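Observations on the model geometry
Chain by chain, the residues:
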4 protein chains.
Amino acid sequence: MTDAAGAIVDGVHVLPVRVYYEDTDAAGIVYYANYLRYAERARSEMLRHIGIESGRMMADIGLAFAVKRCVMDFLKPAKLDDLLTVETRLTEIGGASLSVDQRVRCDGADLVCMELKLACMSLGGRPARLPDDIRERLESFGT
Amino acid sequence: MTDAAGAIVDGVHVLPVRVYYEDTDAAGIVYYANYLRYAERARSEMLRHIGIESGRMMADIGLAFAVKRCVMDFLKPAKLDDLLTVETRLTEIGGASLSVDQRVRCDGADLVCMELKLACMSLGGRPARLPDDIRERLESFGT
Amino acid sequence: MTDAAGAIVDGVHVLPVRVYYEDTDAAGIVYYANYLRYAERARSEMLRHIGIESGRMMADIGLAFAVKRCVMDFLKPAKLDDLLTVETRLTEIGGASLSVDQRVRCDGADLVCMELKLACMSLGGRPARLPDDIRERLESFGT
Amino acid sequence: MTDAAGAIVDGVHVLPVRVYYEDTDAAGIVYYANYLRYAERARSEMLRHIGIESGRMMADIGLAFAVKRCVMDFLKPAKLDDLLTVETRLTEIGGASLSVDQRVRCDGADLVCMELKLACMSLGGRPARLPDDIRERLESFGT
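Before going into details, it helps to say that this report is about the structure given with it. (Residues numbered from 1 in each chain as written. Chains lettered and ligands numbered in written order. Predicted model: local features only at pLDDT ≥ 70, side-chain atom pairs only at ≥ 80, totals over all residues. Heavy atoms only, no water.)

Turning our attention to helix H1 (residues 34-49) of chain A. Residues and elements named next belong to chain A. Over its 16 residues, H1 runs 23 Å from end to end, which matches the ideal 22 Å to within 8%, given 1.5 Å per residue. With 15 of 16 residues buried, H1 is to be regarded as a mostly interior element. Directly beyond the C-terminal end of H1, a positive phi value near 90° is found at Gly 51. (Helix = DSSP H or I, 4+ residues; strand = E, 2+ residues; numbered from the N terminus. Expected span 1.5 Å × (residues − 1). Buried < 20%, exposed > 50% of the residue type's maximum accessible area, 1.4 Å probe, protein only.)

Turning our eyes to something else, we now look at the interface of chain A and chain C. In this complex, chain A contributes 22 residues to the contact, which on the side of chain C involves 22 residues. Summed over both sides, the interface between chain A and chain C buries roughly 2,200 Å², with carbon and sulfur atoms accounting for 49% of that surface. Here chain A and chain C share 10 salt bridges between them. Measuring nitrogen to oxygen at the nearest pair gives 3.9 Å for the salt bridge that ties Arg 18 of chain A to Glu 53 of chain C. Counting across the chain A and chain C interface gives 14 residue pairs in polar contact (both at pLDDT 80 or more). Listing elements by their share of the side of chain A that touches chain C, those giving two or more residues are H1 and helix H2 (54-61) of chain A. (Contact = heavy atoms within 4.5 Å. Buried area = accessible area lost by both parts, 1.4 Å probe. Salt bridge = Lys/Arg side-chain N within 4 Å of Asp/Glu carboxyl O. Polar contact = N/O pair within 3.5 Å; in protein donor to acceptor, adjacent residues only side chain to side chain.)

Taken in spatial order, the 12 strands make up an open sheet running S1(B)-S2(B)-S4(B)-S5(B)-S6(B)-S3(B)-S3(C)-S6(C)-S5(C)-S4(C)-S2(C)-S1(C), and their pairing is antiparallel. Both edges of this open sheet fall to strand S1 (7-9) of chain B together with strand S1 (7-9) of chain C, since each of them pairs with a single strand only. Each neighbouring strand pair of the sheet contributes to a mean axis angle of 30°, computed without reference to strand direction. As paired strands, strand S3 (residues 63-74) of chain B and strand S6 (residues 109-122) of chain B are joined by 11 bridges and run antiparallel to one another. The residue of S6 of chain B that forms the bridge with Val 67 of chain B is Leu 118 of chain B. (Pairing = 2+ DSSP bridges. Axes fitted to C-alpha atoms, helices over the stretch in contact; angles between N-to-C directions.)

With that settled, the discussion passes to the relation of the copies chain D and chain A. Of the two same-sequence chains, chain D is brought onto chain A (RMSD 0.0 Å, axial shift 0.0 Å) by a rotation of 180°. On the angle and the small slide along the axis, the relation comes out as a two-fold axis. Nearest to the rotation axis, the C-alpha of Val 71 of chain D is located 2.2 Å from it, this being the minimum over chain D. Interface overlap between copies is the fraction of interface residues in one copy that are interface residues in the other; for chain D against chain A it reaches 100%, indicating a shared surface. (Least-squares fit on C-alpha atoms with pLDDT ≥ 70 in both.)

Moving on: the packing of aromatic side chains. Here the structure, examined in full by the defined rule, presents 16 aromatic pairs over all chains. Consider the rings of Tyr 31 of chain C and Tyr 32 of chain C, whose centres lie 5.3 Å apart with planes at 90°: the pair is edge-to-face. Judged by relative accessible area, Tyr 31 of chain C falls into the buried class, the value being 4%. Among the aromatic residues, those joined into a ring-pair cluster are Tyr 31, Tyr 32, Tyr 35, Tyr 38 and Phe 74 of chain A. (Phe/Tyr/Trp six-rings, centres within 6.5 Å; stacked < 30°, edge-to-face > 60°.)

Tallied over the full model, the rule gives zero disulfides over all chains. Here Cys 120 of chain C is not disulfide-linked; the sulfur of Cys 70 of chain C is the nearest cysteine sulfur, at 19 Å. Residue classification places Cys 120 of chain C among the buried positions, given a relative accessible area of 0%. Cys 113 of chain D provides the cysteine sulfur closest to Cys 106 of chain D, a residue in no disulfide bond, and the two sulfurs are 14 Å apart. Given the relative accessible area of 11%, Cys 106 of chain D is considered buried. (Disulfide = S-S within 2.5 Å.)

Once that is clear, we can look at helix H3 (residues 132-141) of chain C. Residue and element names in this part refer to chain C. Ile 134, Arg 135, Leu 138 and Phe 141 are the residues of H3 that are buried. An end-on view of H3 places all buried positions within 110° of arc, on one side of the element. Those residues of H3 that are exposed and angled more than 90 degrees off the buried face are Asp 132, Glu 136 and Ser 140. (Arc of directions from axis to C-beta.)

On to the pairing of strand S4 (residues 83-93) of chain B. Residues and elements named next belong to chain B. With six bridges joining them, strand S2 (residues 12-18) and S4 adopt antiparallel strand pairing. Paired with Leu 15 across the two strands is Val 86, which belongs to S4. Sheet topology places S4 next to strand S5 (residues 97-106); eight bridges connect them, and they run antiparallel. Considered in S5, the bridge of Arg 89 is made with Asp 101. The loop that links S4 with its antiparallel partner S5 comprises three residues.

Next up, the structure:
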């Protein structure tokens, strides 16, 4: 059984992702933008694991994490029906930002490697300091 | 030149839509859910033609059109690089609802035919009567 | 733990689906076309449960299931972070077609109900009879 | 009138892109992965302008351009109904690769800046030299 919410293994969040028709394109492989969808699912589940839900964070304290920068290396393509894993590592916790390393893997090989920088933002679009309890939860996950 | 906003021809709004990789799947054809994306683009442009913008309608008067029912017939598939047209006809204007006929065509043939029923909704999710000025604009388009 | 591949309960395939940012739109709810993505994920997992994989079916015997008709009723919207279930019932197995009933549910309520008619197609786009072993697997699932 | 295929202005391809509900998310802005969809639409239209169509290139000579690396900077968010432009500049033509600079703009401001490296690939997934006529067409566009 593969847990739809993923699991934490040695400080790394690991999310299983199955490739469906919706993810592929006419070249027979996963469309490049969809790796960012997978990455966001993985970050959401990683945050949920430590008690942070995007919807409640937005509704309760008016904050959201926004991606400010993203570097993607596409090494190998994924195909229909592949069972992928998305590994997510928190690499830095700043005053109002996070750095995250994510990689999409299949059968022991890296397919796509991503480095992201996220900012904590108010709903009005301004940078906001990470609230203390969110910072503590993130630190519990480890960098 | 093809106008990105489409045009009204004999009471029918006609929107050109090019098929890109993002729209296709591993079977080499347009993924079935994407015809609903095309249909929504066409309805948005049809409404914009008569002075109704979704974003402003939501912000200014707290209303949005929500699809309540949709019947889709898939006759022929579209392929990468195809230049499609989406035809939109308003078939009924009710007190708090609209009926719309939409078809996606290519080279003179129907690919997908859709009948939709839309409701005017408040942001809280309740049905709302069509405001008079919106009703008048819709009637000017003709059913 | 929620199984990412779903489970069969009393002849019904039940797939858990979490709502992420990618699924929502500016109205704060799941974008209407995305229910068709959820439905396809569910049909794929239902088929995988009885030993039929889309990618292998296409590569090995040159066949695919194509949606020919779809009736969707949108009853209630889903929101960010909701944990949905997609229920899939096979209602009819024809010579070259399938009928399927699918509903997306949350907290015991139906959100979207769908009736679909699928055709077995050759990659060239012609209708094809269901191969015997696929028919037997489908019948084992039950209608 | 805005041309759906864009135009070349001083060696830069400029494509208009309207933001629809499908592009936005529950934070009220364009979902981050969708800028890669816009970028691919723009590259496709830029190539079509110089006589290169992705579908025919794949069918006729078994080649496709695959993104190998992508650096994205997200400066400002786009919103529902915004009329964006995607600017595409060819910055380098290698033996089997291309470098491209793309930026998504609105009202004179940069929203997202992207640097991409694309490889010419055979359908089997191997790097392939750029055919002479494709190279000439690309050089006519200018770097």
